[in-house]
Amino acid sequence: MGALRAIMGNRDLVRLEAAWGWVSLVRWALAILVGLYAYDVAGSTGVGVAALARMAPASLLAPRLSVLVDRHSRRLVLLWSLVARVGLAAVMAWAVWVEAPLGVVLVAAGGYGLAECLQRPAQAALLGVHARNPSQLAAANSIWSMLDNLGFVVGSLMVGGLAALAGTRTAFLVCVVPLLLACVAAARLTADVPPPPLEDEDDHPQARTGRAAVLGDRRLVLLLV
C-alpha cells in the first residue's frame, strides 16, 4: 500500500502501471489459449510447436528490436507495440473463430511475442523519465513486479473460466479488450523527448565486445546458464 500511495500523485506512473497490468493479464491468458487451441488441433505435439512459435522469434530478435527504444520516443515505441498486439490478438481470435489452419494462429502468436518484447525496455525507460524522485521510482518498480505476478494468477484463472464457460473462441475475443485499455493508458502518457542519437550507430562491435566480456568471465557464464 505504501508503494501505491507513493505513485498515486503521478498520473504518468499510474498510466504506465495500468498499461503493464492489462498487458500482463493478456500475456498469460493468450499463452494458455494458444496452447489449448494447438492441443485441440494437433495434440501434445501441437502444444510444443505452439510454445516454440510463441517464444523463438522474440528470443532471437529481442536484442535487435530493443535498440529501437534507445533511438525513438519511448512512449511511441510502447504505443505502437500495443497497437500491433491489438491487431495480432484480433487476428488470432478471427483465425480461431473461422477454424483457420493452426499455422495462422502460430504466426500471429510469434508476431505478438515480437511486439511484446518492446514493452519491457520502453516501460523501464519511461519509469525513469516520469518518476519525480527515487522513492517514486522504487515504488513503481515494486508495483511492476507485483502486477507481473498478479497478471499470471488472474490471467490464468480468467482464461480458464472463460474457456470452460464460454469456449475458447470467446476467450480469444475477450483478450482484445484489456489490450485496448492498455493502448488508451499509453496514449495518455506525457510525450517524452527521444534520446540523442548514439555516436556509433553500428551496434555490432558493441555486441561482440559484450559477448567477449561475458564469455571471458566464468562467473557471468554461470549466472547466465
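Provided above is the structure to which this section pertains.
This write-up is about the structure you can find in this document. Along each chain, numbering runs from 1 in the same order as the chain's sequence is written. Note on the predicted model: pLDDT of at least 70 is required for a residue's local features to be given, and 80 or more for side-chain atom pairs to be given and counted; whole-chain, interface and lining totals, by contrast, use all residues. Calculated side-chain values reflect all of the structure's heavy atoms, with hydrogen atoms and water omitted.

Re the nonpolar core
Then, number 1: Buried Ala, Val, Leu, Ile, Met, Phe, Trp, Tyr and Cys residues form a nonpolar core when they are joined through side-chain atoms within 4.5 Å. In this scheme, a residue with accessible area under 20% of its type's maximum is buried, one over 50% is exposed, and one in between is partly exposed, where area comes from a 1.4 Å probe on protein chains only. Grouped together as the largest cluster of nonpolar side chains are 54 residues, with contacts concentrated most on L30, L78, M92 and F172.
Then, number 2: Of all the secondary structure elements, the ones that give two or more residues to this core are helix 2 (11-65), helix 3 (74-97), helix 4 (102-116), helix 5 (119-130), helix 6 (134-165), helix 7 (168-174) and helix 8 (176-187).
Then, number 3: With 14 residues, helix 2 is the largest single contributor of residues to this core.
Then, number 4: Here, two residues are considered to be in contact whenever any of their heavy atoms come within 4.5 Å of each other. Apart from the residues within four sequence positions on either side, M92 is in contact with L30, V34, V105, A108, A109, Y112 and F172. Here a strand is any run of E in DSSP of at least two residues, a helix any run of H or I of at least four, and the numbering for each starts at the N terminus.

Section: the packing of helix 2 against helix 3
Then, number 1: Axis lines are fitted through C-alpha atoms, for helices just across the contact stretch, and the angle between N-to-C directions can take any value from 0 to 180 degrees. In contact at an axis separation of 12 Å, helix 2 and helix 3 are set at 30° when each is read in the N-to-C sense. What the angle tells us is that helix 2 and helix 3 run roughly parallel. Relative to helix 3, the crossing made by helix 2 is left-handed. The segment helix 2 lies against helix 3, with L16, V23, L30, V34 and Y37 engaging L78, L82, R85, A89, M92, A95 and V96.
Then, number 2: Classification convention: Asp, Glu, Lys, Arg as charged; Ala, Val, Leu, Ile, Met, Phe, Trp, Tyr, Cys, Pro as nonpolar; all other residues, Gly among them, as polar. For the contact of helix 2 with helix 3, a count of residues per class yields 11 nonpolar, no polar and one charged. Note on terminology: angles under 35 degrees are roughly parallel, angles over 145 are roughly antiparallel, angles of 65 to 115 are roughly perpendicular, and the others are oblique. Here a crossing is taken to be left-handed if its near helix is turned anticlockwise relative to the far helix by less than a right angle, and right-handed if that turn runs clockwise.

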